[in-house]
Amino acid sequence: MSAVSSRLPVFPWDKLESYKATASAHPDGIVDLSIGTPVDPVPAFIQQALVEAADSPGYPTVWGTPELRDALTGWAERRLGARGLTHRNVLPVVGSKELVAWLPTQLGLGAGDRVGHPRLAYPTYEVGARLSGAEPVPYEDPTQLDPAGLKLLWLNSPSNPTGAVLSKEELTRIVAWAREHGVLIFSDECYLELGWETEPVSVLHPDVCGGTYEGIVAVHSLSKRSNLAGYRAAFLAGDEAVLGELLQIRKHGGMMTPAPVQAATAAALGDQEHVREQRERYAARRTALRAALEGHGFRIDHSEASLYLWSTRDEPCLDTVAYLARLGILVAPGDFYGPAGARHVRVALTASDERVAAAVKRLS
């Protein structure tokens, strides 16, 4: 076990404990804008779907119920513009982090293989590569990578942590390059519903993929769009050959989304009104926090989508974390997401209206 854990970086959030203690000592309490976990209620109709499916004594299937698969394909067609999806083109997973961490292993990657991921990125892309024994390779532009030995390429648009969005033209160029070199693309699109200054596009859009899903898979989550982080509800859509192989492996591994969560997922994907309402909450918080940070001397880079403000005072990120902690505000240091983030902090929009108002007051 120690041999496996020694491949991995230190769990980043453990490094924030001292700063969290400082922020928690503020007379008006901590405003935690670090992790980005949803705080708003799960919509009542989704809770009801979970309750109605609670009497589920038998094992669920890894592939999910036909009703769930109908919901997945229907949503991808309506929301992503995907065409011609069948049940073979979708697969539920037990939260997207589990998928990211174990995908290289499930694909059979190991020593000598390479996994590409953005230079500024969710740390689990690197962790997944290291767990399998493959080499993680950060990139600025994936088409500049040496394709030799590159077996898996992660895209992330909208980006965590920066909120940057890949345009339709950029995605089309990257997909064409990957197909030319036989590189499998997994596109993490978990923040696609949260575009503010631009409309994010999926790799499954026919203008990007040319109407075929060969060599591409999109990753989607209900954690942020529907406040279902606690449900671990996510899914894949794309290349049926890749998903068919993962289905067989995940059957052996018992990676089953619980039956009540499957029912709740199907209900959530059938309704867009609750997504619109949640977007409005986040938009209001974003507007207030951005104005307060900029008024306090911060610069906001990228951040045209997602749940974060990629912010800087042009100083080492831990200096900024310490400064804000003394104001009772906890944020994530940018170097959690790679050395290129060493002078930024990630400010999450996932706090209650009352806590966001408290942060704005302290920054005024």
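Here goes a summary of the coordinates provided.

What follows concerns the packing of helix α2 (residues 17–24) against helix α12 (residues 317–326). Any two packed helices are characterised by how steeply their axes cross, that is the angle between the axes, and by the distance between the axes. Following both chains from N to C, one finds α2 and α12 inclined at 25 degrees, their axes separated by 7 Å at the closest point. The orientation of α2 relative to α12 falls into the category roughly parallel. Touching Y19, T22 and A23 of α2 are L318, V321, A322, A325 and R326, all from α12. Of the residues belonging to the contact of α2 with α12, the class tally is 6 nonpolar, 1 polar and 1 charged.

This next bit is on the sheet that holds strand β3 (residues 114–118). One open sheet holds the 7 strands; their spatial order is β2-β8-β7-β6-β5-β3-β4, and the pairing between them is mixed. At either margin of the open sheet sits one strand with a lone partner, and together these are β2 (90–93) and β4 (135–139). Ignoring strand direction, the axes of neighbouring strands in this sheet form an average angle of 20 degrees. Relative to strand β8 (residues 234–238), strand β7 (residues 216–221) runs antiparallel, the two being bridged by 5 bridges. Its bridge partner lying in β8, V219 is registered against L236.

For T212, the position within the fold is in the loop between α8 (206–209) and β7. Given a relative accessible area of 35%, T212 falls into the partly exposed group.

On the secondary structure map, T350 appears in the loop between β13 (345–348) and α13 (353–363). Residue classification places T350 among the buried positions, given a relative accessible area of 4%. A polar atom in the side chain of T350 sits 3.5 Å from the backbone nitrogen of T37. Excluding anything up to four places from it in sequence, T350 contacts D32, G36, T37, P38, V39, Y282 and L307.

For strand β5 (residues 150–156), the tally of buried residues reaches 6 of 7 residues, placing the bulk of the element in the interior. Looking at chain direction, β3 and β5 are connected through 3 bridges and run parallel. Bridging from a neighbouring strand, G116 pairs with L153 of β5. In the sheet, β5 pairs with strand β6 (residues 184–188) via 5 bridges, with the strands oriented parallel. Opposite L152, over in β6, you have L184 as the bridge partner. Note that the unit made of β5, helix α7 (residues 168–181) and β6 has a crossover that is right-handed.

Our next topic: the packing of aromatic side chains. Aromatic rings considered in pairs are described by the distance between their centres and by the relative angle of their planes. Applying the stated criterion across every chain yields a total of 7 aromatic pairs. Look at Y122 and Y125: their rings are 5.7 Å apart centre to centre, the planes differ by 80 degrees, and that puts the pair in the edge-to-face class. Both residues of the pair, Y122 and Y125, count as buried. Here the aromatic cluster, defined as three or more aromatic residues joined through ring pairs, consists of Y122, Y125, W154 and F186. Between the NZ or CZ atom of R69 and the centre of the ring of W63, over which it lies, the distance is 3.9 Å.

What follows deals with the sheet that holds strand β10 (residues 308–312). Strand order across the open sheet formed by 4 strands is β9-β10-β13-β12, with antiparallel pairing between neighbours. The open sheet has two edge strands with one neighbour each: β9 (299–301) and β12 (332–333). With 4 bridges connecting them, β10 and β13 associate as antiparallel partners. Bridge pairing in β13 places Y308 opposite A348. Each of β9, β10 and β13 touches helix α11 (residues 273–295); the most contacted strand, β10, lies at about 5 degrees to it.

Conventions we followed
- Residues numbered from 1 in each chain as written.
- Predicted model: local features only at pLDDT ≥ 70, side-chain atom pairs only at ≥ 80, totals over all residues.
- Heavy atoms only, no water.
- Axes fitted to C-alpha atoms, helices over the stretch in contact; angles between N-to-C directions.
- Helix = DSSP H or I, 4+ residues; strand = E, 2+ residues; numbered from the N terminus.
- Parallel < 35°, antiparallel > 145°, perpendicular 65-115°, else oblique.
- Contact = heavy atoms within 4.5 Å.
- Nonpolar A, V, L, I, M, F, W, Y, C, P; charged D, E, K, R; others polar.
- Pairing = 2+ DSSP bridges.
- Buried < 20%, exposed > 50% of the residue type's maximum accessible area, 1.4 Å probe, protein only.
- Polar contact = N/O pair within 3.5 Å; in protein donor to acceptor, adjacent residues only side chain to side chain.
- Right-handed = clockwise from strand over helix to strand, strands pointing away.
- Phe/Tyr/Trp six-rings, centres within 6.5 Å; stacked < 30°, edge-to-face > 60°.
- Lys NZ or Arg CZ within 6 Å of the ring centre and 35° of its normal.

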